[in-house]
Amino acid sequence: MPYCVHCGVELDPSIHRCPLCGTAVLDPAAPAAEDGPPFFPTRPARVEPVSRRAAALLATSMLASVSVCCALLNLFLKPQYRWYLFVTGAAAMLWVWFVLPLLAKHWVPLWVRLTADVGAVAAYVALIALALDGWGWFFGLAVPVLALAAAVVCALSWLMRKGHSVLTTVTLVLAAVGIFCLGAEACGDLYFHGEWAPGWSLIVTVSCFGLCVPLLVVRRVPSLREEVRRRFHF
């Protein structure tokens, strides 16, 4: 096996130039090579991208098959609770989260996608309530919390509709988390105790808004903003 006189890479006897550095291969003692396929590929191979529709069809068939198999197993075992609804609801929720965006041919607004995600969670919780005969806690606790989540998500997506800097985005997200935790604890207290007594959510909310203050200061001071961008590559 010959070697390149310039870079030392091992060469195939059939080639006339080094594939690494392009130096001509001159070996008088080597026999004349017959025409054949090149030792190295002459052009890079290209992997065709997977079709979004094909990926969506594959994921849909997988989720549907799992749901059907669990439903048949539940029907055969005849347990006390219809546990197959948990699996079916989870499959439907995953389908909305991951498969539905693959089927969208045009850009969908952020608030529409997030509202659909929250609706999928609501449908899943409704199936759990149906399986466990828990419509009381569903309408008294789950629906208010989910409605609050949808409202916070829609408000956050509306505020971020025109695009913002990283600092502004983090500030808005922290404020949304604090407001949601405060409302979620209020819904729980009103459902279980009939009155609202702020506790852990107040700590979370104060912490979130406390983190927002230095971010707002950094955003307002140009020198600090540029220093943060330089250090964290914003």
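No experiment lies behind these values; they were computed from the predicted model shown.

Visitor: Just checking my understanding: could you explain the overall build of the chain for this structure?
Guide: Regarding its fold elements, the chain presents seven helices and zero strands. For the chain, the N- to C-terminal ordering of α and β elements is α-α-α-α-α-α-α. The proportion of buried residues among the 234 residues of the chain is 22%. Looking at the chain as shown, the accessible area adds up to about 16400 Å², and 70% of this sits on carbon and sulfur atoms.

Visitor: How should I be thinking about the packing of helix α4 (residues 135–159) against helix α5 (residues 166–192) in this particular structure?
Guide: Between two packed helices, what matters for the description is the angle formed by their axes and the separation of those axes. Look at α4 against α5: their axes get within 10 Å of each other, and the N-to-C directions meet at 165 degrees. Regarding the angle of α4 to α5, the classification is roughly antiparallel. The two elements α4 and α5 meet at a crossing, and its hand is right-handed. The residues of α5 that touch α4, namely those facing G136, W137, G140, L141, P144, V145, L148, A149, V152, L156 and L159, are L172, V173, A176, I179, F180, G183, A184, C187, G188, Y191 and F192. A class-by-class count of the residues in the contact of α4 with α5 yields 18 nonpolar, four polar and no charged.

Visitor: Is there a simple way to explain helix α2 (residues 84–103) in this structure?
Guide: Along an α-helix, residues three or four positions apart point the same way, because every turn accommodates 3.6 residues. Look at α2: 26 Å from first C-alpha to last across 20 residues, which is about the 28 Å you get at 1.5 Å a residue. Largest kink in α2: about 40 degrees, centred on V96. For α2, every residue scored as buried is listed here: L85, G89, A91, M93, V96 and V99.

Visitor: Is there a simple way to think about helix α1 (residues 52–77) in this case?
Guide: Its 26 residues give α1 an end-to-end C-alpha distance of 38 Å, which sits within 8% of 38 Å, the value for a rise of 1.5 Å per residue. The inward-facing, buried residues of α1 abut α2. Positive phi shows up at K78, right after α1, with a value of about 55 degrees.

Visitor: Is there a simple way to think about the packing of aromatic side chains in this case?
Guide: In this description, a pair of aromatic rings is defined by centroid distance and the angle of the planes. All chains considered together, the criterion is met by five aromatic pairs. With a centroid separation of 4.9 Å and an interplanar angle of 85 degrees, the aromatic rings of Y191 and F192 are classed as edge-to-face. The class of Y191 is partly exposed, set by a relative accessible area of 34%. Here a set of aromatic residues connected by ring pairs shows up, and it is made of W135, F138 and F139.

Visitor: Just to check I follow, could you spell out the environment of W196 for this structure?
Guide: Within the secondary structure, W196 sits in the loop between α5 and α6 (200–220). Residue classification places W196 among the partly exposed positions, given a relative accessible area of 43%. With 13 residues separating them in the primary sequence, W196 and G183 have C-alpha atoms 9.9 Å apart. Among all residues touching W196, those that are not within four sequence positions of it are L182, E185, A186, D189 and L190.

Visitor: Would you mind going over the nonpolar core with me for this structure?
Guide: Looking at soluble globular proteins, one finds that nonpolar side chains tend to be buried together. With five residues, the main nonpolar core is built from V125, A126, A129, F138 and A142. Secondary structure elements with two or more residues in this core: α3 (110–132) and α4. Counting residues per element, this core draws most heavily on α3, which supplies three residues. Apart from residues lying up to four places away in sequence, A142 is in contact with V125 and W137.

Cut-offs used in this document
- Residues numbered from 1 in each chain as written.
- Predicted model: local features only at pLDDT ≥ 70, side-chain atom pairs only at ≥ 80, totals over all residues.
- Heavy atoms only, no water.
- Helix = DSSP H or I, 4+ residues; strand = E, 2+ residues; numbered from the N terminus.
- Buried < 20%, exposed > 50% of the residue type's maximum accessible area, 1.4 Å probe, protein only.
- Areas by Shrake-Rupley, 256 points an atom, 1.4 Å probe, with all protein chains shown as cover.
- Axes fitted to C-alpha atoms, helices over the stretch in contact; angles between N-to-C directions.
- Parallel < 35°, antiparallel > 145°, perpendicular 65-115°, else oblique.
- Left-handed = near helix turned anticlockwise from the far one by under 90°.
- Contact = heavy atoms within 4.5 Å.
- Nonpolar A, V, L, I, M, F, W, Y, C, P; charged D, E, K, R; others polar.
- Expected span 1.5 Å × (residues − 1).
- Bend = angle between axes of the 7 residues up to and from the residue.
- Phe/Tyr/Trp six-rings, centres within 6.5 Å; stacked < 30°, edge-to-face > 60°.
- Core = buried A, V, L, I, M, F, W, Y, C linked by side-chain atoms within 4.5 Å.

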